[in-house]
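Chains, contacts and geometry: an overview
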Amino acid sequence: MTTVTNVFASFPHGSNTPGDQQEAGAPGHPQGAVTPALTAASHAGHEQIVFCQDAQTGLRAIIAIYSTALGPGLGGTRFYPYPSEDAALADVLNLSRAMAYKNSLAGLDLGGGKAVIIGDPVRDKSEALLRAYGRFVQSLGGRYVTACDMGTYSEDMDIVARECRYVTGRTVPNGGAGDSSVLTALGVFQGMRAAAEHAWGDASLEGRVVGVEGVGKVGHRLAGHLLEAGARVVICDVNSDTIRRTVAKHPEVEVAAGRDDLLARPLDIYSPCALGGALNDDSVARLSARIVCGGANNQLAHPGIEKILADRDILYAPDYLVNAGGVIQVADELAGFNFERARARADQIFATTRKIFALAGEEGVPPAVAADRLAERRMAEVGRLRGIWLGS
Ligand SMILES: NC(=O)c1ccc[n+]([C@@H]2O[C@H](COP(=O)([O-])OP(=O)(O)OC[C@H]3O[C@@H](n4cnc5c(N)ncnc54)[C@H](O)[C@@H]3O)[C@@H](O)[C@H]2O)c1
């Protein structure tokens, strides 16, 4: 059984035939009934949510498109063992909205979308499941373009691409952009330079002490850029192998015993490069750094933290602004991947970060609010142009 469902209460069960397309209000769902998914979507302001199911392969996926004002919604596919459909839906709605803002601020002609596959990637991933998923993405006709995220890799995108044209993040031999952390780390470094310029009047990071929390794909590359720029780098990670690998590559780094030790040190810059939620009431209260700039997504643990940071005179470089190098890298694939072109675009994160700090000053708001405003402005202004009739 294979079913595509647009904005529907949950994964359909029962006697749908292959290729069924069901919309809210379709047979079995009374016209006008408000479904949980529809309620969640309208609260979050999304354009479209698609539930995809293929019983034979065990595929259960949700694709969410927040906005196509600037172009097709681009965002990765997260493969994760969510405890419930509701948890998966909540995550995909948040993630797709965040992608719209990130892509807008990165200056890309791309909207925001994201997908989740519910399951354990180690146990449940198979060629057939990924290909089934690819067919669903293809069925959206390019409204959604996928990429890697947690639990999916470039090799998986190669498989998805066998059924679907709307895929990025493939392997280099298959025409892809490869590991997106290369330009993510570069973009964070550029954002950090802009923050240094704003805070200290000089973009140089020479002699600055930077605490990097999490030295995985992004963090260890960022440490490399920082050391090259003459900064002192202190790292921490929960994985001792990752620390060992980073120290082997960069013997100059200092290693903190853990997050608490890192936060207790006198830092000029704190760079969260591990999980989301790094900036909470507790960590912000303990922070000695003048700047926060890191690669992790969703760093602000709850609304209002951006204000607490500003009140403590800590300059926060918004996460989705400075970590956009990865999406810039994979988006470049859509035009036939050219690393130098993508790199030049990721370097622009310096100028955009500078612009956000200036706007925040002019409008008297924290940089996180200024970033949201600029992203929304571009979506509204450029999106409006679609209304200009081009003739037949
Ligand atoms: N890879 C990209 O291109 C990209 C793009 C944009 C945003 N991001 C975000 O950047 C962050 C890092 O991504 P990545 O690709 O480097 O992931 P990764 O899994 O390679 O690295 C994350 C590292 O953080 C460590 N870690 C986990 N919990 C920790 C903790 N509590 N304290 C210290 N270290 C901890 C892990 O051991 C791991 O080494 C994530 O939030 C990701 O969503 C990544």
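What counts as what
- Throughout this description, residue numbers start from 1 for each chain and increase along the sequence as written.
- Side-chain atom pairs in this predicted model are given and counted only at pLDDT of 80 or more, local residue features only at pLDDT of at least 70, and totals for whole chains, interfaces and linings cover all residues.
- Any nonpolar core is a set of buried residues, restricted to Ala, Val, Leu, Ile, Met, Phe, Trp, Tyr and Cys, that join up through C-beta atoms within 7 Å.
- Whether a residue is buried, exposed or partly exposed follows from its count of other C-beta atoms within 10 Å of its own C-beta, namely 20 or more, 12 or fewer, or something in between, respectively; the C-beta atoms are built from the backbone.
- Where helices and strands are cited, they refer to DSSP runs of H or I of at least four residues and of E of at least two residues respectively, numbered from the N terminus.
- Domain start and end points were adopted from an automatic or database domain assignment.
- Contact definition: two residues whose C-beta atoms, as placed from backbone geometry, lie within 7 Å.
- Nearness here is judged by the C-beta atom: place it from the backbone, and if it falls within 6 Å of a molecule or strand, the residue counts as near that partner.
- Only Asp, Glu, Lys and Arg are considered charged, only Ala, Val, Leu, Ile, Met, Phe, Trp, Tyr, Cys and Pro nonpolar, and every remaining residue, Gly among them, polar.
- Any two strands between which DSSP finds at least two bridges are classified as paired.
- Axis definition: a line fitted to C-alpha atoms, limited for helices to the stretch in contact. Angles are taken between N-to-C directions and run from 0 to 180 degrees.
- Oblique is the label for any angle not under 35 degrees, not over 145, and not in the 65 to 115 range, which are roughly parallel, roughly antiparallel and roughly perpendicular in turn.
- Here a crossing is taken to be left-handed if its near helix is turned anticlockwise relative to the far helix by less than a right angle, and right-handed if that turn runs clockwise.

Grouped together as the largest cluster of nonpolar side chains are 117 residues, with contacts concentrated most on Ala-61, Ile-62, Ile-63 and Tyr-133. Here the element with the most residues in this core is helix α6 (residues 181–200); it accounts for 10 residues. Shared between two domains, this core holds at least three residues of each, these being domain 1 (2–103 + 110–174) and domain 2 (181–378). Setting aside anything within four residues of it in sequence, one finds Tyr-133 in contact with Cys-52, Leu-59, Ala-61, Ile-117 and Val-160.

Turning our eyes to something else, we now look at the site of the ligand. Around the ligand sit 25 residues, and of these Gly-214, Gly-216, Val-218, Ala-274 and Gly-326 come closest. Elements supplying a minimum of two residues to the shell around the ligand: α6 and α7 (217–228). The element contributing the most residues to the shell around the ligand is α7, with 3 residues. In terms of residue class, the shell around the ligand is made up of 8 nonpolar, 13 polar and 4 charged.

What follows covers the pairing of strand β4 (residues 59–67). The buried count for β4 comes to 9 of 9 residues, which makes it a mostly enclosed element. One ladder, built from 7 bridges, connects strand β3 (residues 48–54) with β4; its direction is antiparallel. Opposite Phe-51, over in β4, you have Ile-62 as the bridge partner. If you look at the hairpin formed by β3 and β4, you'll find 4 residues sitting between the two strands, and Gly-58 has a positive phi there, around 85°. Pairing of β4 with strand β7 (residues 111–118), which is carried by 6 bridges, proceeds in the antiparallel orientation. Bridging from a neighbouring strand, Ser-67 pairs with Gly-112 of β7.

Interaxial distance between α6 and α7 falls to 8 Å at its minimum, and their mutual angle equals 50°. Judged on the interaxial angle alone, α7 and α6 are oblique. Where α6 crosses over α7, the handedness of that crossing is right-handed. Packed against α6, whose contacting residues are Ser-181, Val-182, Thr-184, Ala-185, Leu-186, Val-188 and Phe-189, the element α7 presents Lys-217, Val-218, Arg-221, Leu-222, His-225 and Leu-226 at the interface. Broken down by class, the residue content of the contact of α6 with α7 amounts to 8 nonpolar, 3 polar and 2 charged.

Below, the discussion takes up unusual backbone geometry. Phi at Asn-298 is positive, roughly 50°, even though this residue is not glycine. Mapped onto the secondary structure, Asn-298 falls in the loop between β13 (291–292) and α11 (305–311). Asn-298 sits in the partly exposed class, given 15 other C-beta atoms within 10 Å. One non-glycine residue, Asp-313, adopts positive backbone phi at about 60°. Inspection of the secondary structure puts Asp-313 in the loop between α11 and β14 (315–316).

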